[in-house]
Amino acid sequence: METEHRVSTLELFFDLVFVFTITQLTVLLAGDLTPRGAGQVVLIFTVLFWMYGGYAHLTNQVPPDRTVRRVLLMLAMGAFMVCALAVPTAFGAGGVAFGLGYLLVVLVHGALFTQAHGRGVLWFALPNVLCALAVTAAGFFDGLPAWGLWLLALLLQFVTPVVVQRVAASGTAAEPEAAEQTVGDQLGGMNAAHLVERHGLLLIIVFGESVIAIGIGVGSLPLSAGIAGGAFLALTIASAMWWMYFVRDEGRAEEVFAQTPPERRFKLAMAAYYYAFLPVLLGMAVFAAGVKKTIGHLGEHLHTGPAVALAGGVALYLAGNLVFRAVLGIGPARYRATALVLALATVPVGTGWTGAGQLVALAVVLVCAVVAEGGRSPAAGARETAAESVTGS
């Protein structure tokens, strides 16, 4: 049986600093609700979340229980803060500052892993450094060259896990046993409870973004019945999304990881808590941007950008959640898949009617999905998922 490994207060502090980057991304998107702005947000967040995942895996295996580790983790927090401050101009004047902050994040991560596991970390530390250098170089360019360097950084991130897993499986020609042990330690042995709790805490902090967006959107407007009702609707939508993960999914996710052999947990964690969590977290940021732009215009026709942000944010969240469930083999899926389609269908409600009308429609869609699932036990959902996989339906 695994020993209990809880998330420390320093890790939670780290997460609060990291989530400031999501706050900045929400501001960036709210100020530029265009395909270009959305593309920048996706690139920046994907690059940043890669290293957040790296630190989540790091503290899972190398707890910050010593002074040196704590100080280095705080240094990484400072570097993430630099990145966050530079987010609004990461594709402009702040690009170099963002890259240098990110490079420091990468170097501290490698140093902490080296302290525990030696030279085996080079298999993923060097690609991470190259990724940071690509992002830094992008700060010296505008237009297509900058976008190309950001895409190169993404390519390096997606290739690195494949390389590391192959090294862990085969070792090196010179020292196969040592390589297998060193790199294998990075990939396996992850504590299931800590992994699930850490990402759950991150998600709950991100949910706070939707609440903050309500307050920012209201600003100095008088607190009328309409504003209060809009705030209540936005909070209802966020609460329904909270319910889907924390009531229905989190406990089952921990059970799946606990039952997974340690050597297979890294691959599962990458699929569930990186690839699937990317749209989940991005969805919350996009939804928050939509709320920020809508809450002060509830009785008006929405422009296309805010309406798409509201519906698209919810749809992104549900899409990531569906992938998360599929990866872990939990279900059912049909209610959330239906909710995803219906959420996208609310865009004409916002553009053709009012922002308040779209918030009502989204709230109804999500609450109905939660209620539809509410009568089903997790065990029944798991049986249905298994039956669907057998029949291919």
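Visitor: Help me understand helix α11 (residues 262-275) in this model?
Guide: Residues three or four positions apart in an α-helix share a direction because the helix packs 3.6 residues into each turn. Taking 1.5 Å per residue, 14 residues should reach 20 Å; α11 reaches 20 Å between its end C-alpha atoms and fits that length. Listing the buried residues of α11 in full gives Arg265, Phe266, Leu268, Ala269, Met270, Ala272, Tyr273 and Tyr274.

Visitor: Sorry, what's going on with empty space enclosed by the protein here?
Guide: Over the atoms rolls a probe the size of a water molecule, and its path tells where empty space is left. In the structure shown here, the tally under the stated rule is 3 cavities of 30 Å³ or more. Taken as a whole, the largest cavity holds about 310 Å³ of empty space. Trp50, Gly54, His57, Phe266 and Met270 are the residues nearest the centre of the largest cavity, which is lined by 22 residues in total. Mapped by element, the contributors of at least two residues to the lining of the largest cavity are α2 (35-61), α4 (95-117), α5 (122-138), α6 (144-170), α7 (176-187) and α11. When residues of the lining of the largest cavity are assigned to their parent elements, the largest contribution, 7 residues, is made by α2. Of the residues assigned to the lining of the largest cavity, the class counts are 13 nonpolar, 9 polar and no charged. Taken as a whole, the second largest cavity holds about 50 Å³ of empty space. For the second largest cavity, the full set of lining residues is Thr23, Thr26, Val27, Glu209, Ile212, Ala213, Ile216, Ala288 and Lys292. Residue assignment for the lining of the second largest cavity shows that the elements contributing at least two residues are α1 (9-31), α8 (192-218) and α12 (277-294). Taken together, the residues that form the lining of the second largest cavity break down as 5 nonpolar, 2 polar and 2 charged.

Visitor: Sorry if this is basic, but what is going on with a nonpolar patch on the surface here?
Guide: There is a patch of nonpolar side chains on the surface, built from Trp123, Leu152, Leu155, Val159 and Val163 and spanning about 410 Å² of accessible area. Top element by residues in the nonpolar patch is α6. It accounts for 4 residues. Among the secondary structure elements, Leu152 is positioned in helix α6. Residue Leu152 is classed as partly exposed on the basis of its relative accessible area, which comes to 38%.

Thresholds, definitions, all that
- Residues numbered from 1 in each chain as written.
- Predicted model: local features only at pLDDT ≥ 70, side-chain atom pairs only at ≥ 80, totals over all residues.
- Heavy atoms only, no water.
- Helix = DSSP H or I, 4+ residues; strand = E, 2+ residues; numbered from the N terminus.
- Expected span 1.5 Å × (residues − 1).
- Buried < 20%, exposed > 50% of the residue type's maximum accessible area, 1.4 Å probe, protein only.
- 1 Å grid on protein atoms, 1.4 Å probe; cavity = no way out; pocket = protein on both sides within 12 Å on 5 of 7 lines; lining within 4 Å.
- Points joined across faces, edges and corners; volume = space filled by probe spheres on them.
- Nonpolar A, V, L, I, M, F, W, Y, C, P; charged D, E, K, R; others polar.
- Patch = residues over 30% accessible without salt bridge, like charges linked within 9 Å, V, L, I, M, F, W, Y side chains within 5 Å.
- Areas by Shrake-Rupley, 256 points an atom, 1.4 Å probe, with all protein chains shown as cover.
- Salt bridge = Lys/Arg side-chain N within 4 Å of Asp/Glu carboxyl O.

Note that all results are geometric; they support no functional claim without further evidence.
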